[in-house]
Amino acid sequence: MIKVKRLDIIYVTIQFILLTIFYIPFFSNVFQTPLIVKYAGAIVSILGFLIILIAILQLSKSLTPFPTPKENGVLINTGLYKYVRHPIYSGIFMAAIGIAFYTGSYWQLAISLILLILFYYKSKYEESLLIEKYNEY
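Analysis parameters
Residues numbered from 1 in each chain as written. Predicted model: local features only at pLDDT ≥ 70, side-chain atom pairs only at ≥ 80, totals over all residues. Heavy atoms only, no water. 1 Å grid on protein atoms, 1.4 Å probe; cavity = no way out; pocket = protein on both sides within 12 Å on 5 of 7 lines; lining within 4 Å. Points joined across faces, edges and corners; volume = space filled by probe spheres on them. Helix = DSSP H or I, 4+ residues; strand = E, 2+ residues; numbered from the N terminus. Nonpolar A, V, L, I, M, F, W, Y, C, P; charged D, E, K, R; others polar. Phe/Tyr/Trp six-rings, centres within 6.5 Å; stacked < 30°, edge-to-face > 60°. Buried < 20%, exposed > 50% of the residue type's maximum accessible area, 1.4 Å probe, protein only. Lys NZ or Arg CZ within 6 Å of the ring centre and 35° of its normal. Lys, Arg positive; Asp, Glu negative; His and termini not counted. Salt bridge = Lys/Arg side-chain N within 4 Å of Asp/Glu carboxyl O. Contact = heavy atoms within 4.5 Å. Core = buried A, V, L, I, M, F, W, Y, C linked by side-chain atoms within 4.5 Å.

(A) Representation of the layout of surface pockets within the structure. There is about 680 Å³ of room inside the largest pocket. Leu59, Thr64, Tyr81, Ile88 and Glu126 are, among the 34 residues lining the largest pocket, the residues nearest its centre. Secondary-structure elements contributing two or more residues to the lining of the largest pocket are α1 (6-22), α2 (35-59), α3 (87-103) and α4 (106-133). Partitioned by chemical class, the residues of the lining of the largest pocket number 22 nonpolar, seven polar and five charged.

This is the structure we're talking about:
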């Protein structure tokens, strides 16, 4: 069970909207990328998706879409979480920025950067909740 707070809903809603509009081509402006940048974007994107998948599997029963940790959740500090505090956010950003460079889309590049800003604030909020719940965080 999780007590969802108002700020949780705001962050998750903004993230959902950004990820949804990421794939809607509101603008057809594209930039030409050298082939090496295009391939690098594809590799970064694939790595991002792999990081997301691994991080979700490592969280297991502690996984929640909200920043507020589950009441019966446990602090995970092994695997990816030993090296990165928020690997799912990192993976989402990597996947998005990789896709943006692969497609050469200004729109997707802008949304990727907005996601980065969102994840900065969302992670600060989440960290304050984790500190409150787990003494060892």
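Alright, that's what it looks like, and here's the rest.
(B) Inspection of the packing of aromatic side chains at higher detail. Scanning all chains against the criterion turns up six aromatic pairs. Centre to centre, the rings of Phe31 and Phe101 are 6.0 Å apart; their planes meet at 75°, and the pair counts as edge-to-face. Of the two residues, Phe31 sits in the loop between α1 and α2 while Phe101 sits in helix α3, which places them 70 residues apart along the sequence. What makes Phe101 partly exposed here is its relative accessible area of 31%. Ring geometry for Tyr120 against Tyr121: centres 5.0 Å apart, planes inclined by 85°, an arrangement best described as edge-to-face. Accessibility expressed as a relative area gives 47% for Tyr120, which makes it partly exposed. Aromatic ring contacts, followed pair by pair, group Phe31, Phe101 and Tyr106 into a single cluster. Here the guanidinium or amino end of Lys38 rests over the ring plane of Tyr102, the centre of that ring lying 5.1 Å away.

(C) View of the side chain of Asp8. If you trace the backbone, Asp8 turns up in helix α1. For the buried Asp8, no salt bridge is present, and the opposite-charge side chain at shortest range is Lys5, 6.3 Å distant. Discounting residues that sit within four places of it in the chain, Asp8 has contacts with Lys3, Phe66, Pro67, Thr68, Tyr125 and Leu129.

(D) Quick look at the nonpolar core. Within the largest apolar cluster, 21 residues are counted, with the highest numbers of intra-cluster contacts made by Leu18, Tyr81, Ile88, Ile92, Ile111 and Leu115. For this core, the elements supplying multiple residues, two or more each, are α1, α2, α3 and α4. Element by element, the count of residues in this core is highest for α4, at seven residues. What Ile92 contacts, discounting residues up to four positions off in sequence, is Gln15, Leu19, Ile52, Leu115 and Phe119. In terms of nonpolar packing, the next biggest core, distinct from the first, is built from five residues, Phe31, Phe93, Ile97 and Ala100 among them.

(E) Representation of the pattern of salt bridges within the structure. Scanning the model with the defined rule gives one salt bridge in all. Arg85 is paired through a salt bridge with Glu127; the nearest N and O atoms lie 3.1 Å apart. Taken as a pair, Arg85 in the loop between α2 and α3 and Glu127 in helix α4 lie far apart in primary sequence, 42 residues in all. Using a relative accessible area of 54% as the deciding quantity, one classes Arg85 as exposed.

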